Amino acid sequence: MATLYTQQSKNISKTWLLMGVFLAFIVAIGYFASDYYGNPAIVYFAIIFSIVMNISGYWFSDKVALAVSGAKPIQREENRELYRIVENLSITAGIPMPALFLINDPSPNAFATGRDKNHASIAVTSGLLGMMDKTELEGVLAHEMSHIGNRDILLQSVIVVLVGIIAMMSNIMMRSNFRGGNRDREGGNAIIMIIGIVLVILSPIVATIIQLAISRKREFLADATGALITRYPEGLASALQKISDYPRGLAKASNATAHMFIANPFGGDSDSDGALDKNEKISWLAKMFMTHPPVEERIKALLGK
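Residue numbering note: each chain is counted from 1, following its sequence as written. Local features in this predicted model are restricted to residues whose pLDDT is 70 or higher, and side-chain atom pairs enter the listing and the counts only when it is 80 or higher, whereas totals over whole chains, interfaces and linings include all residues. Processing note: side-chain calculations cover all non-hydrogen atoms of the structure and skip hydrogens and water entirely.

### Structural notes on the overall build of the chain
In step 1: Numbered from the N terminus, helices here are DSSP runs of H or I no shorter than four residues, and strands are runs of E no shorter than two. Across its full length, the chain holds eleven helices and six strands.
In step 2: Each residue's exposure class comes from its accessible area (1.4 Å probe, protein chains only) as a fraction of the maximum for that residue type: buried when under 20%, exposed when over 50%, partly exposed otherwise. Buried positions account for 49% of the 305 residues belonging to the chain.
In step 3: By sequence separation, contacts in the chain at least 24 residues apart represent 72% of the contacts at least 6 residues apart.
In step 4: Only the protein chains shown count as cover for residues, and all accessible areas are computed by the Shrake-Rupley method using a 1.4 Å probe. A total of about 14,800 Å² of accessible surface is found on the chain, and carbon and sulfur atoms cover 62% of it. We call two residues in contact when some of their heavy atoms are within 4.5 Å.

As structure tokens, this is what we get:
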């Protein structure tokens with residue numbers, strides 16, 4: 001059974017594995033391009049690029065996630081009640097006080113980011129602060145504290161950068177249309193081209209799979225851990241229901257950062273194409289391509305139903 005401590009170790013291992021897979025994937029694309037265009041400098045560039053991006057992803061991915069989401073720092077004088085709640089939860093959870101950020105958006109949502117508990121941030125939307133009562137807000141913040149304690153934040157923050165880069169490189173390769181290739185080389189060129197096309201087509205699929213691989217089980221664990229922190233699971237359950245019922249998504253919702261939020265940022269308990277009917281049964285295939293478990297399942301788990 002997953003616990004706070006086993007999850008910390010797993011997330012660290014997953015982060016290093018993800019970085020290794022990213023490096024290999026980018027080098028593979030670089031090798032294809034180098035061979036196809038007859039320019040060995042491309043593969044060297046790919047190696048250097050992947051190493052630099054891995055390092056940048058580790059140290060700066062949280063800043064990228066906050067910037068992409070339009071989050072701005074919240075000063076204590078601007079919301080003393082929020083600071084007081086977070087300070088109390090930090091003491092209970094046994095982690096340092098995270099930095100607080102505000103996303104000026106009426107859609108209720110929140111996420112945590114950072115590389116470890118000593119360099120963590122929590123971003124909340126103005127809609128969340130305006131819509132939730134105290135126990136609901138505590139539930140949401142405790143959930144985000146759990147992501148910090150579980151070290152989910154390192155993995156999910158690094159993914160923002162790496163997935164974005166994979167998607168960008170795939171787009172560049174597709175737009176290049178493989179023009180200018182070394183078509184006069186003897187043998188193997190057709191095979192190399194086919195491999196390259198497959199890599200380019202798989203790039204966005206790999207990016208999606210990476211996101212989905214870390215986005216589901218950790219939400220249930222963070223819900224459970226958050227409920228332990230507040231000793232009141234009903235607060236988080238009520239907050240999740242309100243977030244799910246809100247029909248509009250975040251203005252700056254992005255596929256690169258969707259997995260970081262407490263609930264789907266595109267609006268309601270849905271995928272990025274629109275909200276699901278509350279009475280509609282979600283198929284197992286549809287669940288596989290959702291960045292978050294269905295809210296109904298999370299609420300039932302919290303309330304022990």
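Alright, that's what it looks like, and here's the rest.
### Considerations on the pattern of salt bridges
In step 1: One side-chain nitrogen of Lys or Arg within 4 Å of one carboxyl oxygen of Asp or Glu is enough to make a salt bridge. Overall, the coordinates contain six salt bridges when judged by the stated rule.
In step 2: The salt bridge partner of Lys-242 is Glu-136, with a shortest N-O separation of 2.8 Å. Residue Lys-242 is located in helix H9 (residues 233-245), and its partner Glu-136 is located in helix H5 (residues 134-150); the two are separated by 106 residues in the primary sequence.
In step 3: Looking at Lys-242, the relative accessible area reads 28%, which means it is partly exposed.

### A short note on a nonpolar patch on the surface
In step 1: Residues enter patches when their relative accessible area tops 30% and they take part in no salt bridge; the joining distance is 9 Å for like charges and 5 Å for the nonpolar side chains Val, Leu, Ile, Met, Phe, Trp and Tyr. There is a patch of nonpolar side chains on the surface, built from Leu-23, Tyr-44, Ile-47, Ile-51, Ile-55, Trp-59 and Phe-60 and spanning about 670 Å² of accessible area.
In step 2: A total of six residues in the nonpolar patch trace back to one element, the largest contributor, which is helix H2 (residues 41-68).
In step 3: For Ile-47, the location among the structural elements is in helix H2.

### With respect to unusual backbone geometry
In step 1: Even without glycine at this site, Arg-151 takes up a positive phi of about 65 degrees.
In step 2: By relative accessible area, Arg-151 is classed as partly exposed at 22%.
In step 3: Phi at Arg-231 takes a positive value of approximately 60 degrees, unusual for a residue other than glycine.

### Brief notes about the packing of helix H3 (residues 80-93) against H5
In step 1: Here an axis means a line fitted to C-alpha atoms, over the contact stretch when the element is a helix, while the angle between two N-to-C directions is reported on a 0 to 180 degree scale. Two elements in contact, H3 and H5, have axes whose closest approach is 10 Å; the angle formed by their N-to-C orientations is 50 degrees. Overall, the two elements H3 and H5 adopt an arrangement that is oblique. H3 and H5 meet at a crossing whose hand is right-handed. Mapping the contact onto sequence places Glu-81, Leu-82, Arg-84, Ile-85, Val-86, Leu-89 and Ser-90 in H3 and Lys-134, Leu-137, Glu-138, Leu-141, Ala-142 and Met-145 in H5.
In step 2: Across the contact of H3 with H5, the residue classes break down as eight nonpolar, one polar and four charged. Each angle gets one of four labels, with under 35 degrees taken as roughly parallel, over 145 as roughly antiparallel, 65 to 115 as roughly perpendicular, and the rest as oblique. Two helices cross in a left-handed way if the nearer one is turned anticlockwise from the farther one by less than a right angle. They cross in a right-handed way if the turn is clockwise. Three residue categories are used. Nonpolar comprises Ala, Val, Leu, Ile, Met, Phe, Trp, Tyr, Cys and Pro, charged comprises Asp, Glu, Lys and Arg, and polar comprises the others, including Gly.

### A short note on the sheet that holds strand S4 (residues 120-125)
In step 1: For two strands to be treated as a pair, DSSP must find at least two bridges joining them. Taken together, four strands build an open sheet; the order of strands is S1-S2-S4-S3 and the sheet is mixed. Looking at which strands have only one partner, the edges of the open sheet turn out to be strand S1 (71-73) and strand S3 (110-114). Pairwise comparison of adjacent strand axes, ignoring direction, gives a mean angle of 30 degrees for this sheet.
In step 2: Summarising the sheet, S1 and strand S2 (residues 99-103) pair through three bridges and their orientation is antiparallel.

### Quick look at the pairing of S4
In step 1: A large share of S4 lies buried, amounting to six of its six residues.
In step 2: Judged by which residues are buried, S4 turns out to be covered on both faces: Ala-120, Ile-122 and Val-124 on one side and Ser-121, Ala-123 and Thr-125 on the other are all buried.
In step 3: One ladder, built from five bridges, connects S2 with S4; its direction is parallel. By the bridge assignment for S4, Ala-99 is matched with Ser-121.
In step 4: If you look at the hairpin formed by S3 and S4, you'll find five residues sitting between the two strands.

### Some details on the environment of Lys-72
In step 1: Structurally, the position occupied by Lys-72 is in strand S1.
In step 2: On the accessibility criterion, Lys-72 (57% relative accessible area) is exposed.
In step 3: Filtering out sequence-adjacent residues up to four positions away, Lys-72 remains in contact with Leu-100, Phe-101 and Leu-102.

### Regarding helix H11 (residues 295-303)
In step 1: Every buried residue of H11 is listed here: Val-295, Arg-298, Ile-299 and Leu-302. Buried residues of H11 fall within an arc of 100 degrees about the axis and therefore sit on the same side.
In step 2: On its buried face, H11 sits against H5, helix H8 (217-230) and H9.
In step 3: Where H11 ends, the next residue or the one after it, Gly-304, has phi of about 70 degrees, a positive value. The arc under discussion is defined with respect to the helix axis, by the directions toward the C-beta atoms.

### Notes on the side chain of Asp-152
In step 1: Mapped onto the fold, Asp-152 is located in helix H6 (residues 152-176).
In step 2: Buried charge without a salt bridge: Asp-152, with Arg-218 as the nearest opposite-charge side chain at an N-O distance of 5.0 Å.
In step 3: A distance of 2.7 Å separates a polar atom in the side chain of Asp-152 from a polar atom in the side chain of His-147. Within this scheme the basic residues Lys and Arg register as positive and the acidic residues Asp and Glu register as negative, but His and the chain ends are omitted. In protein, a polar contact means a hydrogen-donor-capable atom and an acceptor-capable atom, both N or O and within 3.5 Å, with residues adjacent in sequence counting only if both atoms are side-chain atoms; elsewhere, any N or O pair within 3.5 Å suffices.

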